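Listed below, chain by chain, are the residues.
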Amino acid sequence: MATDVLIEQLLRVPEDSGTSTIATLDGLLDDSTIEASAAPKSVAEAARLVGLTAHTLRYYEHEGLVRPARNSSGYREYSAFDLRRLVFLTRMRVSGMTMHDLKRYIALVEQGDPTISERRTIMLEQRERIRRQLRGLELALETTEYKIHVYGGTPDAS
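Here's what I pulled together on the structure shown here.

Some details on the packing of aromatic side chains
- A complete count under the given rule lists 2 aromatic pairs for this structure.
- On the numbers, 6.2 Å between centres and 45 degrees between planes, the contact of Y59 with Y60 is tilted.
- Classification of Y59 by relative accessible area gives partly exposed; the value is 35%.
- The class of Y60 is buried, set by a relative accessible area of 5%.

Dropping the structure here:
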């Protein structure tokens, strides 16, 4: 499936749609599924597709997290590989991963398979941070529901 279709599917699919997020991510982040014939995207197209600003894309490039090619006019061209990496980066930033950790992780990715163990450790640590965030958000939701109840409202059944 085309990278832009996978990205749009991943970013817009509600949880109850029956579409597996893991399957979509697998298709999106598996480098072997990258379509060689896909036309590269401009900064504006790439930014729109992944939901970032052009400024953020340039910042990620400056930080060495993504390295888009340049066309003969010197404009950035984001390949399917670049777009897929941007999806990963945006999800990790949303989850609170620091730029320092992202740079470390991407540097390890670029070193290849010998770093898989260290990358796995980074992802395990990130998973624990996300779980703590989720627990905190669940407590915040429960506290909000309690206050709604105290003020005579009915807590949301979902």
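From this point, the narrative continues.
Topic: the pattern of salt bridges
- Inspection of the entire model under this criterion finds 9 salt bridges.
- As a salt-bridge pair, E61 and R76 come within 2.3 Å of each other at their nearest N and O atoms. In this pair, E61 sits in helix α4 (residues 54-62) while R76 sits in strand β2 (residues 76-77), placing the two residues 15 residues apart along the sequence.
- Between R85 and E110 there is a salt bridge whose closest N-O contact spans 3.0 Å. With R85 in helix α5 (residues 80-94) and E110 in helix α6 (residues 99-111), this pair connects stretches of sequence that are 25 residues apart.
- Overall, the relative accessible area of 10% leaves R85 in the buried class.
- Residue E110 is classed as partly exposed on the basis of its relative accessible area, which comes to 41%.

Quick look at the nonpolar core
- Within the largest apolar cluster, 23 residues are counted, with the highest numbers of intra-cluster contacts made by L57, Y60, L65, Y78, L86, L89 and L102.
- It is α5 that provides the largest number of residues to this core, a total of 6 residues.
- Ignoring any residue separated from it by four or fewer positions in sequence, one finds L65 in contact with Y60, R85, L89, M99, L102, K103 and I106.

Points about a nonpolar patch on the surface
- A surface patch of nonpolar side chains, amounting to about 380 Å² of accessible area, comprises Y146, V150 and Y151.
- As for its position among the elements, V150 is in helix α7 (residues 116-150).

Concerning α5
- Across its 15 residues, α5 extends 21 Å between first and last C-alpha, which sits within 8% of the 21 Å expected from 1.5 Å per residue.
- For α5, the tally of buried residues reaches 11 of 15 residues, placing the bulk of the element in the interior.
- What α5 keeps buried is the set A80, D82, L83, R84, R85, L86, V87, F88, L89, T90 and M92.
- Once α5 ends, the next one or two residues include G96, with phi positive near 95 degrees.

Looking at α6
- Between its first and last C-alpha, α6 extends 18 Å over 13 residues, near the 18 Å set by a 1.5 Å rise per residue.
- Along α6, the residues classified as buried are M99, D101, L102, Y105, I106 and L108.
- Packed against the buried residues of α6 are α4, α5 and α7.
- Looking one or two residues past α6, G112 carries a phi angle of roughly 95 degrees, positive in sign.

Scoring rules and cut-offs
- Residues numbered from 1 in each chain as written.
- Predicted model: local features only at pLDDT ≥ 70, side-chain atom pairs only at ≥ 80, totals over all residues.
- Heavy atoms only, no water.
- Phe/Tyr/Trp six-rings, centres within 6.5 Å; stacked < 30°, edge-to-face > 60°.
- Buried < 20%, exposed > 50% of the residue type's maximum accessible area, 1.4 Å probe, protein only.
- Salt bridge = Lys/Arg side-chain N within 4 Å of Asp/Glu carboxyl O.
- Helix = DSSP H or I, 4+ residues; strand = E, 2+ residues; numbered from the N terminus.
- Core = buried A, V, L, I, M, F, W, Y, C linked by side-chain atoms within 4.5 Å.
- Contact = heavy atoms within 4.5 Å.
- Patch = residues over 30% accessible without salt bridge, like charges linked within 9 Å, V, L, I, M, F, W, Y side chains within 5 Å.
- Areas by Shrake-Rupley, 256 points an atom, 1.4 Å probe, with all protein chains shown as cover.
- Expected span 1.5 Å × (residues − 1).

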